[in-house]
Amino acid sequence: MNVSINDSSFLNDRSRQRSMISAGFQLSSASANSPFEQYSSKLPASVRGALNHTTDVSSLSARFSRNGYCWLVSGQIAYVWLASGSNRITDAVVHQELKLPECALGQQANLMELFSINADDNDSCSCLVITCDGYARFWRTIVRPNDYYDVKLEFDQIEYLCHFKDDICVCGSYSGRLYTVPCNALCNKAYIRPTSSSLLSSIGFGLKSMLFGTSRQMKDNEILRCLHSLKSDTSTPSISTMNVDLVSLTDKHLYFWYLAENDIQLVHSMDLQVIFANEAIKDQKSNEHDRNVSCISLSVTQETIYVLAIHHSIHDYRLMLGVFSLNHAGVQLVSMVFLANHLNIRLDEIIVKPRVRIFAVPNQPAILVHTKKDAFIYTGPDYSVLLRASFSNLNETILGSGLCAQRLLLFCHVQGLITPRSQDLMTNLLTKTTTNDPYKPMIESFHAFLLRNDPGGAVELFRRFLTTIDTNQLDDIIVQFGMFIIDDPSLQETNDLTRQLAKKGDIYNYYFSFLKLIGVWNKLHVAHFNNGIYHTKQILQQFGEKLECAKAFAQASQQSLYLQAAYRSTSRQNQISHIAEVLTTIVLGVIETSRTIEIQSYEEATRLLLIAFDSILKYRQEHEQESVISSNPIDDENYTQSIICQPWILYEQNLNDLFIIHCTQHFEQALELCESREVRERLLTMISRLVYRILDEYRLYMCDLYSDNDLNNDTEQRPWVNYKQTRSALIKIFIKLNEYPKGKQLAEEFEDYLALIEICDELKDVEQLRTYIEQFRDKFMVIFDEYLRSKSAVSVLFQEEYFDLKAVQRYLKSKPEYEWMVDIKKREYENASLSTLQQVGETIGKRQTLLAISKFALLASSHNEVRNPEAIKLRLNFIENEENLCQQRLDLLSNLDENERLRQPLISAKDMIKNLVLKKNTSQSVLQRYCSALKILSQMETNPDFDQLRLFIFAQALLLDPLKPIGNSVDPLSCNAKTLFSQLFDYIKQENLDKHNLIPSREKLQSSSELISYQNNADFQQALSAIYSSLLTK
């Protein structure tokens, strides 16, 4: 059985049911295992437009606020939107465009801050903008972008701005000054003017500012690098002993500040140059003592401060990371490490004005370092593992970064918002291994990832493991190790089955993360499994599905004695990879020893089967990214093409056949035992859901299997045929039970057109059928036509209840043999006459019928439509000629009875003439045959072969009965009066036929190819001329 085009089109329509999500976010082709992923919040359309149409990307800048907002500065416009809420990811549909004050030095996102004055009201967001040359613009709320306050501030060149608390913001100058800005005072047009004679500057309405540090520090010409407010950082706990509000970093010192009512008080300072230099001396790699230290960036999270610095000479530099503890005991250096340096920045650039930022990644032991063109994540023991995302291939530019509602985000010119991948390292499983375990090296690598928070060590251990094995066996090892995880016997000691399987689920999820970390996930190809070769990722996914199913059963087993009995009767109940045996036992357990259905068992078994399918759906939704398979061909001499892994819940233990039995045969028996309508309806609903799950699983498999619609042989078509048979069997059970609504719902979802037609036919629901025809069109009409033809001997034309459907008429209109009937139905008689006249009848009788219909339709059109009478007359004459030809065909078959003659094949007039002339019919005399040929020829004046045929008739007559010489005869005509040629002339005269049209000219006849032997015969020419002369005189 071949799969038709209409069947194959289902694959295109249903392929959308499966979400094809790419396996991991990749920032470039060189970054196969990127430590970043795209953030789900979408950019507003205007922001995407600004990114796409800005020629100078360096003029753009972006930043994030703690309360979840993001803004992009382009020229004098700031695009502001909520990128991340505290409990949700937003779609960023609503945004504001704020017009910034003019500044000769350009606008920077770093000098713009969004905050909520009331900490409990995040929906009301205020905005403060300060230009480099000292102008401030304040919005009480960004929802009114045209309502703002402008104030001239006589500050130094401002470099950083941050929100402190309430309406207070703090800004810092490049030269080393720190200012507090109460935003409410700006609304009163407060004018800020620091005096030069005092460290304490006088500011209107009580606004105060103070020089950064002391006058001695000013002389040292320190450069402000970072400014961080601990008050606005809700993740940072309050410090009881050290009353610190602000932390600032210069290129040399780390300062801790307290904001009093009237001034900014320095609480503590640390000379980082001395601290880092002393630590660098301890490092064996640093033998030079003439190197200097310059701090670049800091990040604060809870009680920890991370400081990034460079240890440089006049030629090169190294990156250093200092980790400081900020707690009740004070500030202490916890550790200092050298980081692998991949910054593509010149030494002078990084010292003067570095474009380098550092962030402590939330919820994982990792540090993010990024420049304008690159980003790195340092993790593992001592941050020795470097995960790099190279943007070079994308010409990417990082426009800004920051913590946004406890999420670390980067704003990229090409990729939009990205965030570090999360790593959850809170599992303690697979701790027992034996000395002789062949997978011990891989288990140790996995432990390093999960238990010791040592991903770098895990990579190294796995690398060593690869050196001891054949890399061609890597996929098989990955699959076997995955099976070892879900069937791990070391987890069988606990009596809490639910908790045990939950742990297995956790560790199996970490297994996927582990494969990505060690760099093999995107290299997984195929593996040998169940006597076949399949995509490795699909095998691993099916392991996860089985584990999820087992977890769901574990939660249900406490209330299900039936499930507990099914587990006990399974030979390998402790092995999750054989969960299909449990499902088999569940289906078969509804039959009692007497081979009858036990209705309570049947209902419980159906509920458990639904739990199994729902658990699989849940797992796939949670692991969409892991569901993508490789399209590379399988490199195995025993297999020539890649094989899609069969769904285990359909194919293992012959579950597909068992499901069909459960939903059909067992279902009918169970309904017969139902004593109440409530139980019957409950069973119908459950089986309807179960059938949907079964067919949906089958459909997804078909979409994967035939993604390219390439069905070349019977072997490839067999799964598709099996699917259609399964679909038909499961849906028709509801039709058989007269449960048409449920059958209709399933047939619509899975596009079982035959089932839909049967339901409509049973209900005589023409309107619903009309809807299906409009919805599914030709592919539905093909099945509809086949259904009607198989149901009755008459064609679709005579099904009265369907013929009035416009879609049916359109379908019939596309069929030449039915077109005329639709035209007559619509009273378009002229079109009906033409269509029937143009049809070619296979038999003489059918041709006569079509001619009669054409004539009647033409006559009807003359009364119903305005037409040219002459055109109608010509058409009628043509029809009459065709009818005469049909009658002549019948006359030639006088040896047959009437019915047999009507069923004879219809031959063309040209063939009829040739048959008569060439003696193909011996029942008539020669003269009769030639006269019949002339009669037929007289009906073919418009035929393109007319000239050729009349030459043929008269030439053959001359060849059959040649003319006699006339010599010196007194009566030349009498010499040839009895010849066939002359008798044909007499016949034309006798029948009053058009002699000038039927008889060819003498010149054409003489030059015909049949008479080439007579062209030089004078006697022939003389006799022929005599006959033609008499023709002209008559």
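Residues numbered from 1 in each chain as written. Predicted model: local features only at pLDDT ≥ 70, side-chain atom pairs only at ≥ 80, totals over all residues. Heavy atoms only, no water.

The name that an unreviewed UniProt entry assigns to the protein is Nucleoporin Nup133/Nup155-like N-terminal domain-containing protein, with the source organism given as Adineta ricciae. Recorded in UniProt under Subcellular location (unreviewed entry), the annotation for the protein is "Nucleus". (UniProt positions renumbered as here; feature names shortened; annotations may be inferred.)

A. Quick look at the overall build of the protein. A count of helical and extended segments in the protein gives 38 helices and 31 strands. Per-residue burial over the protein gives 53% buried out of 1034 residues. Of the contacts formed within the protein by residues at least 6 apart in sequence, a portion of 60% connects residues at least 24 apart. When the accessible area of the protein is evaluated, it comes to approximately 48,700 Å², of which 47% is carbon and sulfur surface. (Helix = DSSP H or I, 4+ residues; strand = E, 2+ residues; numbered from the N terminus. Buried < 20%, exposed > 50% of the residue type's maximum accessible area, 1.4 Å probe, protein only. Contact = heavy atoms within 4.5 Å. Areas by Shrake-Rupley, 256 points an atom, 1.4 Å probe, with all protein chains shown as cover.)

B. Local environment of helix H14 (residues 599-622). Here H14 is 24 residues long and its end C-alpha atoms lie 35 Å apart, about the 34 Å a rise of 1.5 Å per residue gives. Among the 24 residues in H14, 17 count as buried, and that is most of the element. Between a side-chain oxygen at the N-terminus of H14 and the backbone nitrogen of Gln600 the separation is 3.2 Å; the capping residue is Glu598. (Expected span 1.5 Å × (residues − 1). Polar contact = N/O pair within 3.5 Å; in protein donor to acceptor, adjacent residues only side chain to side chain.)

C. The sheet that holds strand E17 (residues 253-259), seen in detail. Taken in spatial order, the 4 strands make up an open sheet running E15-E16-E17-E18, and their pairing is antiparallel. In this open sheet, the two strands that pair with only one neighbour each are strand E15 (224-229) and strand E18 (264-271). Averaged over all pairs of adjacent strands, the angle between their axes in this sheet comes to 20°, without regard to strand direction. Note that E15 and strand E16 (residues 246-250) share 5 bridges and pair antiparallel. Considered in E16, the bridge of Cys226 is made with Leu249. Along the sheet face, helix H5 (residues 272-282) touches E16, E17 and E18 and points at about 20° away from the line of E18. (Pairing = 2+ DSSP bridges. Axes fitted to C-alpha atoms, helices over the stretch in contact; angles between N-to-C directions.)

D. Spotlight on the packing of helix H33 (residues 946-960) against helix H35 (residues 980-990). Where H33 meets H35, the axes come as close as 8 Å, and the angle between the chain directions of the two elements is 140°. In terms of their interaxial angle, H33 and H35 are classed as oblique. Only Leu980, Phe981, Leu984, Phe985 and Ile988 of H35 make contact with H33, whose side of the interface consists of Phe954, Ala957, Leu958 and Leu960. Residues of the contact of H33 with H35, tallied by class, amount to 9 nonpolar, no polar and no charged. (Parallel < 35°, antiparallel > 145°, perpendicular 65-115°, else oblique. Nonpolar A, V, L, I, M, F, W, Y, C, P; charged D, E, K, R; others polar.)

E. Quick look at the sheet that holds strand E5 (residues 95-99). One open sheet holds the 4 strands; their spatial order is E2-E3-E4-E5, and the pairing between them is antiparallel. Strand pairing shows two members of the sheet lacking a second neighbour, strand E2 (60-64) and E5, which therefore form its edges. On average, adjacent strands in this sheet sit at an angle of 20° to one another, irrespective of strand direction. In this sheet, strand E3 (residues 69-74) lies alongside E2 in antiparallel orientation, the contact comprising 5 bridges. Following the sheet pairing, Leu60 is matched in E3 by Ser74. Running at roughly 135° to strand E4 (residues 77-82), helix H2 (residues 45-53) makes contact with E2, E3, E4 and E5 of the sheet.

F. Seen up close, the packing of helix H11 (residues 536-557) against H14. Taken N-terminus to C-terminus, the directions of H11 and H14 make an angle of 135°; their axes are 8 Å apart at the nearest point. Viewed along their axes, H11 and H14 adopt a mutual orientation that is oblique. H11 and H14 meet at a crossing whose hand is right-handed. Along its contact with H11, which presents Leu540, Gln541, Gly544, Glu545, Glu548, Cys549, Ala552, Phe553 and Ala556, the element H14 presents Leu608, Ile611, Ala612, Ser615, Ile616, Lys618, Tyr619 and Arg620. Here the residues of the contact of H11 with H14 sort into 10 nonpolar, 3 polar and 4 charged. (Left-handed = near helix turned anticlockwise from the far one by under 90°.)

G. Spatial organisation of the state of the cysteines. One pass over the full model with this rule turns up 0 disulfides. Looking at the unpaired Cys70, the closest cysteine sulfur is the one in Cys404, lying at 6.7 Å. Cys70 gets classed as buried once you look at its relative accessible area, which sits at 0%. Looking at the unpaired Cys162, the closest cysteine sulfur is the one in Cys169, lying at 7.4 Å. On the accessibility criterion, Cys162 (6% relative accessible area) is buried. (Disulfide = S-S within 2.5 Å.)

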